[in-house]
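Okay, here's what each chain looks like letter by letter:
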Amino acid sequence: MKTSPAAVQEVLKDTEYPAEKRDLVEHARQHNASEDVLDDIKSLPDKVYTSFAKVNKEFEQM
C-alpha cells in the first residue's frame, strides 16, 4: 500500500455502497484523489464491496 487506509477512507467517505472496484476508482478520480490513493484502490480485488470496512479488510490482507 502506497498510502494509509485513512487516506483512502477520506477519499471514499461519501461513497454509496454496494460499489464495485471500478466505482471506487471513479469516485476517487472525481474527488481528486492522489495518484498513490488511486493506485491503492486499483490494487484491490475486482469485486463488489458492501462497506468501507470491507475495503479496509482487503488492504489489511495485502
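It should be emphasised that the depicted structure is a prediction, and the values quoted were computed from it without experimental measurement.

Concerning the pattern of salt bridges
For the coordinates displayed, the defined rule picks out four salt bridges. D39 is the partner of K2 in a salt bridge, and the nearest nitrogen-oxygen pair spans 2.7 Å. With K2 in the segment before α1 (5-12) and D39 in helix α3 (residues 35-42), this residue pair connects regions lying 37 residues apart in the sequence. Taking relative accessible area as the criterion, D39 reaches 28% and is therefore assigned partly exposed. For R22, the salt bridge goes to E20, with nearest N and O atoms at 2.9 Å. Its relative accessible area of 58% is what places R22 among the exposed residues. The class of E20 is partly exposed, set by a relative accessible area of 31%.

Some words on α1
Those residues of α1 lying buried are V8, V11 and L12. In a view along the axis of α1, the buried residues occupy a sector of 90°, so they form one face of it.

Digging into the side chain of H27
Of note, H27 is situated in helix α2 (residues 21-30). A residue is classified by how much of its surface remains accessible, and H27, at 11% relative accessible area, is buried. Looking at H27, its side chain comes within polar contact range of the main-chain oxygen of V11, at 3.3 Å.

As for the nonpolar core
Among the nonpolar cores identified, the biggest contains 16 residues, and V8, L12, L24, I41, L44 and V55 are the most heavily contacted of them. Mapped by element, the contributors of at least two residues to this core are α1, α2, α3 and α4 (52-61). Ignoring sequence-local partners within four residues, the contact set of L12 consists of Y17, L24, H27, I41, F52 and V55.

What counts and how
- Counting restarts for each chain: residues are numbered from 1 in the order of the written sequence.
- It should be noted that, the model being predicted, local features are given only for residues of pLDDT at least 70 and side-chain atom pairs only at 80 or more, the latter also being counted only at that level, while totals for whole chains, interfaces and linings use all residues.
- By convention in this description, side-chain values take in all heavy atoms of the structure and omit both hydrogens and water.
- Each salt bridge in this description consists of a side-chain nitrogen of Lys or Arg and a carboxyl oxygen of Asp or Glu lying within 4 Å of one another.
- Helix numbers and strand numbers start at the N terminus; a helix is a DSSP run of H or I with at least 4 residues, a strand a run of E with at least 2.
- Here's how the labels work: a residue is buried when its accessible area is under 20% of the maximum for its type, exposed when over 50%, partly exposed in between, all with a 1.4 Å probe on protein chains only.
- The arc under discussion is defined with respect to the helix axis, by the directions toward the C-beta atoms.
- Throughout this description, a polar contact denotes any pair of N or O atoms lying within 3.5 Å of each other; where both atoms belong to protein, one of them has to be capable of donating a hydrogen while the other can accept it, and for residues adjacent in sequence the pair is counted only when both atoms sit in side chains.
- Throughout, nonpolar core names a set of buried Ala, Val, Leu, Ile, Met, Phe, Trp, Tyr and Cys residues whose side chains join them through atoms within 4.5 Å.
- Residue contacts are counted whenever heavy atoms from the two residues lie within 4.5 Å of one another.

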